[in-house]
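Now for the letters of each chain:
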Amino acid sequence: MAVETVAEIKFSPKLMAFIEEWKRKPGNLIMVLHKVQEEIGYLPRQAAIKVSDLLEVPLAKVYGVITFYHFFKTKKPGKYNIQVCLGTACYLRGSDDLMQELETLLGVPVNQVTDDGLFSVESVRCVGCCGLAPVIVAGGEVHGKLTKDMLPDIIAKLRNQG
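The residue count restarts for each chain, going from 1 along the sequence in the order it is written. Confidence filtering applies because this is a predicted model: local features only for residues at pLDDT of at least 70, side-chain atom pairs given and counted only at 80 or more, and all residues used for totals across whole chains, interfaces and linings. Calculated side-chain values reflect all of the structure's heavy atoms, with hydrogen atoms and water omitted.

**Student:** I tried to follow the confidence of the model for the protein chain on my own but got confused; where do I start?
**Tutor:** Close inspection of predicted coordinates is inappropriate in any region flagged by low pLDDT. The predictor attaches a confidence to each residue, and that confidence, scored 0 to 100, is pLDDT. Of the residues in the protein chain, 96% have a pLDDT of 70 or more, and the chain-wide mean is 92. Note on conventions: DSSP H or I runs of at least 4 residues are helices, E runs of at least 2 residues are strands, and numbering of each starts at the N terminus. Of all the helices and strands in the protein chain, strand β2 (residues 119–124) carries the lowest mean pLDDT, 94, while helix α6 (residues 95–106) carries the highest, 97. By definition, residues are in contact when any of their heavy atoms lie within 4.5 Å. Confidence over residues 1–7 falls short of pLDDT 50; this stretch has eight contacts with residues more than four positions distant or in other chains.

**Student:** Is there a simple way to think about the state of the cysteines in this case?
**Tutor:** One way to say it: the disulfide is the covalent bond shared by the sulfur atoms of two cysteines. Any two cysteine sulfur atoms within 2.5 Å of one another count as a disulfide. For the structure shown, the criterion picks out zero disulfides. C85 takes part in no disulfide bond, and the closest cysteine sulfur, belonging to C90, lies 3.5 Å away. The buried label goes to any residue with under 20% of its type's maximum accessible area, the exposed label to any with over 50%, and the partly exposed label to all in between, with areas taken from a 1.4 Å probe on protein chains only. Since its relative accessible area comes to 3%, C85 is described here as buried. C130 takes part in no disulfide bond, and the closest cysteine sulfur to it belongs to C126, at a distance of 4.2 Å. Overall, C130 belongs to the partly exposed group, its relative accessible area being 39%.

**Student:** What is the right way to look at unusual backbone geometry in this model?
**Tutor:** The general pattern is negative phi for most residues beyond glycine and trans for most peptide bonds. The amide bond that connects A133 to the next residue, P134, takes the cis arrangement and shows omega of -5 degrees. Relative to the helices and strands, P134 is located in the loop between β2 and β3 (136–138). Its identity is not glycine, yet N111 carries a phi of approximately 65 degrees, on the positive side. Within the fold, N111 resides in the loop between α6 and β2. Even without being glycine, K145 reaches a positive phi, approximately 50 degrees. Mapped onto the secondary structure, K145 falls in the loop between β4 (141–143) and α7 (151–161).

**Student:** Any chance you could explain the packing of helix α2 (residues 28–40) against helix α3 (residues 45–55) here in plain terms?
**Tutor:** The axes are straight lines fitted to the C-alpha atoms, using for helices just the contacting stretch, and the angles between their N-to-C directions are given from 0 to 180°. Two elements in contact, α2 and α3, have axes separated by 11 Å at closest approach and are oriented at 140 degrees. On the basis of their axis angle, the class for α2 and α3 is oblique. Every pair of crossing elements has a handedness; the one defined by α2 and α3 is right-handed. Side by side, α2 and α3 meet where N28, L29, V32, L33, V36 and I40 of the first sit next to A47, V51 and L55 of the second. Taken together, the residues of the contact of α2 with α3 sort by class into eight nonpolar, one polar and no charged. Roughly parallel covers angles under 35 degrees, roughly antiparallel covers those over 145, roughly perpendicular covers 65 to 115, and oblique covers all other angles. Handedness of a crossing follows from how the near helix is turned relative to the far one, being left-handed for an anticlockwise turn of less than a right angle and right-handed for a clockwise one. Amino acids outside the nonpolar list (Ala, Val, Leu, Ile, Met, Phe, Trp, Tyr, Cys, Pro) and the charged list (Asp, Glu, Lys, Arg) are all regarded as polar, and Gly is one of them.

**Student:** Please clarify how the environment of F18 should be interpreted in this entry.
**Tutor:** Here F18 is to be found in helix α1 (residues 13–22). On the basis of relative accessible area, F18 is assigned to the buried category, the value being 14%. In this structure, the C-alpha to C-alpha distance between F18 and M31, residues 13 residues apart in sequence, is 9.4 Å. Sequence-distant contacts of F18, that is, excluding residues within four places in its chain, are made with M31, V32 and K35.

**Student:** Looking at this structure, I do not really get the packing of aromatic side chains. What am I missing?
**Tutor:** The description of an aromatic ring pair rests on the distance of the ring centres and on the angle between the ring planes. Ring pairs are drawn from Phe, Tyr and Trp, using the six-membered ring of Trp, whenever the two centres fall within 6.5 Å, and their geometry is named by plane angle: stacked under 30 degrees, edge-to-face over 60, tilted for the rest. Across all of its chains, the model carries five aromatic pairs by this definition. Taking the centre distance of 5.6 Å and the plane angle of 75 degrees together, the rings of F71 and F72 count as edge-to-face. Chaining the aromatic ring pairs together yields one cluster made of F68, Y69, F71 and F72. Only lysine NZ and arginine CZ atoms are considered, and such an atom sits over a ring when it is within 6 Å of the ring centre and within 35 degrees of the ring normal. Sitting above the plane of the F11 ring, K50 keeps its charged end 4.8 Å from the centroid.

**Student:** Just to check I follow, could you spell out the nonpolar core for this structure?
**Tutor:** Side chains of a nonpolar character, in soluble globular proteins, are inclined to be buried together. Counting residues in hydrophobic clusters, the biggest one holds 20 residues, and the most contacted among them are F11, V32, L33, V36, V51 and V62. For this core, the secondary structure elements donating two or more residues are α1, α2, α3 and α4 (59–68). When sequence neighbours within four positions are dropped, the list of residues in contact with V62 reads L29, L33, A48, V51, S52 and V57. Each nonpolar core is a collection of buried residues, namely Ala, Val, Leu, Ile, Met, Phe, Trp, Tyr and Cys, held together in the definition by side-chain atoms within 4.5 Å.

See the structure below:
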């Protein structure tokens, strides 16, 4: 597996314009990191170095923010990152069981990617759909009032999408 270098990380012209616009504004680091992750899908080391250089902030500060906030990912997730809500309402209605079932069905633990690169599973604290508990977000779609028996169909639908 080839190791990426800083030069191999290319930000789109739109992202570069966004960074330039935010460069001198308070709170810029979080905003820029959100945009970078939106474009790339995660925040590899090379992207963190580039953000550090472009914003002229220490790399340690960039990593301090990346590692503090659960939203930021330093490893590439699967094409379909399945988020399992473990907020209070979802947890009380069985989301932990959903998490365990997904690990079994996909054959990977939380925060790992399937061998085919299609799926990863992560826990999140709340997706704001407490009335639909338990909830997962898969393929950008919220699935609520779930049972373990419903998960194979959701996975099959995503797998068919490729």
